[in-house]
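# Residue-level structural notes
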Amino acid sequence: MDRASKDDAFEVTDSTDWLDTPMKSLAGVDAALRCQVCRDFYSTPMITSCSHTFCSLCIRRSLNNDGKCPACRSPEQEMKLRNNNAMEDLVEAFKRGRADILAFARIPAIPVAPTRKRSLEQAEEDVEDSSPKRRRSGRTKSSSQTKSSQKATVVADSDGDSDYSPEDGTVECPICQRRVKETGINKHIDDGCPDELQAFPHITKPGSSRTGSGYAKSSIQLPEKAIKRPERLPQLNYSTTKDNVLKKKLTDAGLSAGGNRQLLEKRYKEWITLWNANCDATKPKSKGELKRELEIWERTQGGRATASSSTQMGAIIRDKEFDRDAWSGKHNDDFKQLIANAKRKAQAKKSENTSSANTPAESAGTATPDVAPTTPDVVIGDNGNDDPILIEDTPEKPASQKRFFDESNSDPPPSSQYQSKLGVLDKDAGLASDITTIRSVQP
Amino acid sequence: MSGPKTASSRTPTKRILTELTAFSSAHSPSSPHPNILSLVPLPSNLLSLRCILSGHTLPPTSGYTTGRWLLSIQVPPQYPNQPPTITFVTKICHANVKWETGEICLDVLKENWTPVLGVVGALESVVRLLGEPGVDSPLNVEMGALLRQGDTIGARGLVGYWCGEERFEGHLDEEEEGGSNREEVRGRGKR
């Protein structure tokens, strides 16, 4: 169980994991146990009125977004969602066994069987007795099917018997091989072996430690289910809710009430979604955990996520925790090129200045226009390539230029000949395509 | 067991990672996807992907069979509830693709998007769109007009010409990403 949850956190498991093993057909089983929205195993699966199943959180987020079932686009309401408990049990059982089965499947087939094909078949048979293909072929020849299924039951039962000591006053029926109360065995045989599955479910199940523990677990769970689940939060009509009411609701829930109106609405909506999805869970999480999840949402999709867009990349780079070394290492070539360009331009400008301006009064007058040719660095810096290296390495800066560099988020003077290129840079969406942008901008 | 799963496992990054893993293991070099020749994220950002589409399975009557295009995919933070933005980087002559920007007009990438689709599903719909252009809301008005007039031969000729002229010959490897980018820019500069 521990291993399964670890896999969940650190490794991307996927139904295609099975494709390179002899148990290819398990890929279908694996895929069927995954939510189509998050592509992960169902967590708290909910069934819609159109009979599609999704994770509680996934379907609630999706319905919040457009009110339609993601699979068939038919209109759906959160109210109509119902827990799909059978699916949940199935997923949990499969997740527990998955790592073991996968490890087993990845062991190269032992050459005991005469042909490789045969050994593959056997391996499949061992783990997955009821693959659809097998079942269908069995149905066509019904006599062989009953024989093999009977055989399977006997094998399973004898397995279970080996470590099972009948201390509950039951004996094995010689006809149907089920455990029956000793006192009732005669009546049982007289009645023609009626199905008594209900009485001893754990004995008639094919004996294995996995199902055994599963049974033990569900018996512990029973009292837990009796625990009252937290109450669902009602959706808010945001168009009629005033700002201060919304803020009060957020602070009452212990959430931040910062940001603009749109963000407040989004945050409260997400909170309701998280809360209500948690209400469906068999083991609801604590409020603190939910808050942490909202924190993650805030970072990835909420108010702070917008900061990661390229236009505000500068703000991230100025952040204390920004990894300057990695950044400068990655963009080293570009920085060098920019520095070389800046040096060239500064040199050219200086020689121009010294030739044209001889009196100190005149050179002081040209100091301000001097800023213009170096602004491309500032412009590019705004778009994300701002780095201390660039600032320090640019040679012989007059005081006015230095000030300009330090305030790298200030707008370049309108006189800049590169002003027209600003639009190009702003339009550029991805940070990573900076390289190409810089190249195309350079004259 | 249902408890420990946090919302962090539902971020767009996680889902993209799952999709990419599934795509690469389902379509190994020995059994490649018929149309999606490669699909890789930018090394710096998992939510910006590049992909190469090939038209060789499209019907010859469409004129796109010789085409090979580079596309860029931007995944929004709200993914999968919001559709990814897919644009043609390589120029393509198609009634529903804007010539200047490569913007694609496709209902499943806009209002008919569903989280079930995924990036690969969206790209497959783009391939389908190439084979079946819709002339009702053309972004490339001239192509739309040609098709509406029923000048299929003219349209096919035009499409075939641009498929050959603009064909993207580069490759997308995760390590050589930067290289192919530059190549592409150089190619554009020549014209």
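Residues numbered from 1 in each chain as written. Chains lettered and ligands numbered in written order. Predicted model: local features only at pLDDT ≥ 70, side-chain atom pairs only at ≥ 80, totals over all residues. Heavy atoms only, no water.

- With an unreviewed UniProt entry as reference, chain B is termed Related to ubiquitin-conjugating enzyme E2 4, source organism Phialocephala subalpina.

- Chain A is annotated in an unreviewed UniProt entry as Postreplication repair E3 ubiquitin-protein ligase RAD18 from Phialocephala subalpina.
- If you open the UniProt record of chain A and go to Subcellular location (unreviewed entry), you find "Nucleus".
- Regarding chain A, the UniProt comment filed under Sequence similarities (unreviewed entry) reads as follows: "Belongs to the RAD18 family." (UniProt positions renumbered as here; feature names shortened; annotations may be inferred.)

## Here we look at the confidence of the model for chain B
All names here are of chain B.
- Here chain B averages 82 in pLDDT, and 85% of its residues register 70 or above.
- For chain B, helix α5 (residues 177–190) is the element with the lowest average pLDDT, namely 42, and strand β4 (residues 85–88) is the one with the highest, namely 94.
- Low pLDDT (under 50) marks residues 1–8, which in the prediction has 26 contacts with non-local residues, meaning those over four places away or in another chain.
- The model gives residues 175–191 a pLDDT under 50, and that stretch makes 20 contacts with residues more than four places away or in other chains.
- Across the predicted assembly, pTM comes out at 0.56 and ipTM at 0.74. (pLDDT = per-residue confidence, 0-100. Helix = DSSP H or I, 4+ residues; strand = E, 2+ residues; numbered from the N terminus. Contact = heavy atoms within 4.5 Å.)

## Some points on the side chain of D30(A)
Residue and element names in this part refer to chain A.
- In this fold, D30 is placed in helix α2 (residues 26–32).
- A polar atom in the side chain of D30 sits 2.7 Å from the side chain of W18.
- With residues up to four places along the chain from it excluded, the contact list for D30 reads D14, S15, W18, F41, F94 and R98. (Polar contact = N/O pair within 3.5 Å; in protein donor to acceptor, adjacent residues only side chain to side chain.)

## Focus on the sheet that holds strand β3 (residues 82–83) of chain A
Residues and elements named next belong to chain A.
- As summarised here, the arrangement of the 3 strands in space is β2-β1-β3, forming an open sheet in which the pairing is antiparallel. Lying at the two open borders of the sheet, with one neighbouring strand each, are β2 (53–55) and β3.
- Pairing between strand β1 (residues 45–47) and β3: 2 bridges, direction antiparallel. Looking across to β3, one finds that M46 is bridged to N83.
- Running over the sheet, helix α3 (residues 56–66) touches β1 and β2 and is turned about 95° from β2. (Pairing = 2+ DSSP bridges. Axes fitted to C-alpha atoms, helices over the stretch in contact; angles between N-to-C directions.)

## Re the nonpolar core
- Grouped together as the largest cluster of nonpolar side chains are 40 residues, with contacts concentrated most on L39(B), W69(B), L71(B), I73(B), F88(B), I104(B) and L123(B).
- The biggest single contributor to this core is helix α2 (residues 118–131) of chain B, with 8 residues.
- Setting aside chain neighbours within four positions, we find L123(B) in contact with I36(B), L39(B), C51(B), L53(B), L71(B), I73(B) and I86(B).
- Of all hydrophobic cores here, the second largest spans 24 residues; its members include W18(A), A27(A), M87(A) and L102(A). (Core = buried A, V, L, I, M, F, W, Y, C linked by side-chain atoms within 4.5 Å. Buried < 20%, exposed > 50% of the residue type's maximum accessible area, 1.4 Å probe, protein only.)

## Considering the pattern of salt bridges
- In this structure the tally under the stated criterion is 16 salt bridges over all chains.
- Here E293(A) makes a salt bridge to K285(A), at a shortest N to O gap of 3.0 Å.
- Given the relative accessible area of 4%, E293(A) is considered buried.
- Assessed through its relative accessible area of 18%, K285(A) is described here as buried.
- Across the salt bridge formed by E169(B) and R167(B), the nearest N and O atoms sit 3.0 Å from each other. (Salt bridge = Lys/Arg side-chain N within 4 Å of Asp/Glu carboxyl O.)

## Topic: the sheet that holds strand β1 (residues 36–42) of chain B
All names here are of chain B.
- What the 4 strands build is an open sheet, ordered β1-β2-β3-β4; its pairing is antiparallel. Two strands in the sheet have a free side with no partner beyond their single neighbour: β1 and β4. Shown here is a sheet whose adjacent strand axes are inclined to one another by a mean of 20°, direction ignored.
- This element, helix α1 (residues 12–26), spans β1 and β2 (45–54) of the sheet and lies at about 35° to β2.

## A look at the pairing of strand β3 (residues 68–74) of chain B
Residues and elements named next belong to chain B.
- Burial analysis of β3 places 6 of its 7 residues in the buried class, the great majority of the element.
- As defined by bridge partners, β2 adjoins β3 across 7 bridges and the pair is classed as antiparallel. Opposite L53, over in β3, you have W69 as the bridge partner.
- Relative to β4, β3 runs antiparallel, the two being bridged by 4 bridges. Bridging across to β4, S72 finds its partner in T87.

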